[in-house]
Amino acid sequence: MIKRTLCFTNPAYLSLKDRQMVIRLPEVEKGDVPDVLKKESVRTVPVEDIGVVVLDNRQITLTHGLLEALLENNCSVITCDSRSMPVGLMLPLCGNTLQNERFRCQLNASLPLKKQLWQQTVKAKIDNQAAVLAKCAGMETGCMRRWSADVRSGDPDNLEGRAAAYYWKSLFRGIPNLEKFTRDRQGVPPNNILNYGYAILRAVIARSLVSSGMLPTLGIHHHNRYNAYCLADDIMEPYRSYVDELVYEIVAEHDGDIPKDITKELKMRLLGIPVIDVKVCGKRSPLMVAATQTTASLYKCFTGETRRIAYPEL
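Residues numbered from 1 in each chain as written. Predicted model: local features only at pLDDT ≥ 70, side-chain atom pairs only at ≥ 80, totals over all residues. Heavy atoms only, no water.

Points about the confidence of the model for the chain
For the record, the criterion: What pLDDT conveys is the predictor's confidence in a given residue, as a value from 0 to 100. Put simply, DSSP H or I for four residues or longer makes a helix, DSSP E for two residues or longer makes a strand, and each gets a number counted from the N terminus.
Counting all residues, the mean pLDDT for the chain is 90, and 95% of those residues have values of 70 or more. Between the elements of the chain, mean pLDDT differs from a low of 61, seen in helix H2 (residues 35-40), to a high of 96, seen in helix H5 (residues 111-137).

A few points about the nonpolar core
Under the convention used in this document: Definition of nonpolar core: a set of buried residues of the types Ala, Val, Leu, Ile, Met, Phe, Trp, Tyr and Cys, connected through side-chain atoms within 4.5 Å. Categorising residues by exposure relies on relative accessible area from a 1.4 Å probe, with only protein chains included: less than 20% of the type maximum marks a residue as buried, more than 50% marks it as exposed, and the intermediate range marks it as partly exposed. Working rule for contacts: check all heavy atoms of both residues, and any pair within 4.5 Å makes them a contact.
Judged by nonpolar contacts, the single largest core of 80 residues is most densely connected at Phe172 and Tyr239. The element contributing the most residues to this core is helix H8 (residues 191-211), with twelve residues. Excluding its chain neighbours within four sequence positions, the residues that come into contact with Tyr239 are Leu201, Ile205, Val278, Leu287, Ala290, Ala291, Thr294, Tyr311 and Pro312. In terms of nonpolar packing, the next biggest core, distinct from the first, is built from 19 residues, Ala12, Val45, Val47 and Leu55 among them.

Focus on a nonpolar patch on the surface
Using the following cut-off: Patch building starts from residues that exceed 30% relative accessible area and form no salt bridge, then joins like charges within 9 Å and nonpolar side chains (Val, Leu, Ile, Met, Phe, Trp, Tyr) within 5 Å. Calculation of accessible area relied on Shrake-Rupley with a 1.4 Å probe; when residues are assessed, cover is drawn exclusively from the protein chains displayed. Salt bridges, as used here, are contacts in which a Lys or Arg side-chain nitrogen is within 4 Å of a carboxyl oxygen on Asp or Glu.
Taken together, the side chains of Ile2, Val275 and Val289 make up a nonpolar region of the molecular surface, amounting to roughly 220 Å² of accessible area. Tracing the chain through its elements places Val275 in the loop between helix H11 (264-270) and strand S9 (277-280). Val275 sits in the partly exposed class, given a relative accessible area of 48%.

Notes on the pairing of strand S5 (residues 50-55)
Remark: a regular strand shows side chains that alternate across the two faces of the sheet. Convention followed: Each pair of strands is called paired provided DSSP finds at least two bridges between the two strands.
Extensive coverage of S5 is indicated by the burial of six of its six residues. Alignment of strand S1 (residues 4-8) against S5, held across five bridges, turns out to be parallel. Each residue of the ladder has a partner; that of Leu6, found in S5, is Val53. Sheet topology places S5 next to strand S7 (residues 76-80); four bridges connect them, and they run parallel. Looking at the pairing, Val53 lines up with Val77 of S7.

Let's talk about the side chain of Ser208
Here Ser208 shows up in helix H8. Setting aside residues up to four positions removed in sequence, Ser208 forms contacts with Met288, Ala291, Thr292 and Thr295.

Let's talk about the side chain of Ser76
If you trace the backbone, Ser76 turns up in strand S7. According to the relative accessible area criterion, Ser76 is buried, its value standing at 0%. If we ignore the near neighbours within four places in the chain, the residues touching Ser76 are Gly51, Val52, Val53, Leu89, Met90, Leu91, Ala203 and Arg207.

What about unusual backbone geometry?
Put simply, Pro189 and Pro190 share a cis peptide bond, and its omega is 15°. One non-glycine residue, Ser84, lies in positive phi territory at about 70°. Looking at where Ser84 falls in the secondary structure, it is placed in the loop between S7 and strand S8 (86-90). Given a relative accessible area of 17%, Ser84 falls into the buried group.

Regarding H5
Rule in force here: One less than the number of residues in a helix, times 1.5 Å, gives the span that helix is expected to have.
For H5, spanning 27 residues, the distance from its first C-alpha to its last is 38 Å, which sits close to the expected 39 Å at 1.5 Å a residue. Count one or two residues on from H5 and you reach Gly138, which has phi positive near 65°.

Re the sheet that holds S8
Stated formally: To obtain each axis, a line is fitted to C-alpha atoms, and for helices this fit is confined to the stretch in contact; angles are then taken between N-to-C directions over 0 to 180 degrees.
Spatially, the four strands line up as an open sheet ordered S1-S5-S7-S8, and their pairing is mixed. In the strand order of this sheet, the two ends are held by S1 and S8, each with one partner. Within the sheet, the average angular offset between the axes of one strand and its neighbour, ignoring direction, is 15°.

Focus on H8
Taking 1.5 Å of rise per residue, 21 residues should cover 30 Å, and H8 covers 30 Å from first to last C-alpha, within 8% of that figure. Of all the 21 residues making up H8, 19 are buried; the element is thus mostly covered by neighbouring parts of the structure. Once H8 finishes, Gly213 follows within two positions and takes phi at roughly 80°, a positive value.

Some points on the pairing of S7
The buried fraction of S7 amounts to four of the five residues, a majority that puts the element mostly inside the structure. As defined by bridge partners, S7 adjoins S8 across four bridges and the pair is classed as antiparallel. Bridge assignment links Val77 to a residue of S8, and that residue is Met90. Here S7 folds back onto S8, and the loop between the two strands holds five residues, one of which, Ser84, carries a positive phi near 70°.

Pasting the structure below:
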């Protein structure tokens, strides 16, 4: 079943009752409105239907009972800062009944296996970037395809970086004011839109890793000592292109005149990332479902049941 993504941008009081998230709006309850409208303003959502919760207002109150129920149901909880940018991610400690066994398989993975898995990851990422360039920018992508074919175990030639430099130099060049766009987390828009989209994607991938019984901290390539989600950052790489394509559509609709702040309308578009149509192993499914297929196949690689990760194809 497709899990729901909920985003709260206004003051709210969130609690738990009968396994339901109860949503109350203090601005309505305290306002000068009829009691009937006050009662109708209270909404409930089954906790088991929720996959991601985004908290984007400093006046949101969340009860411990609700938080416990969300984590028990393997829900990702994202917190945002005063600029409405995601800054925190909370996941359950235990998301699989065989977690100890699966942790050991992941920890015992050999270095050659990790390098082979990273090779597959980079190839899938470059192929999807090439597909985005061809679809959105109408470009020939022969060089990208060659780089993908030449990726070796562990990517010692850093073809991922070479492809990324070409990709970001080319993606937005046909859009006014973005001919010289540079991908930089702290850079000018649409970097902020990309950051927001990637944060949603990261939460979805991390949630899937936990549900598959793996440590999102222990990566196959990323190994920053301060990064708690190295494996999530590894596995999300081929999925980034879906965010890029969505952001390209948004930018093209604005004809390059992008708002400096992420509006509510933009957030709603980006919160649709978990339900983007994705093709994995020849079958189409929502991105959140596809992510679970990918992480399940990753675990099978660690156990030796299979040798390939089931990545999406654009």
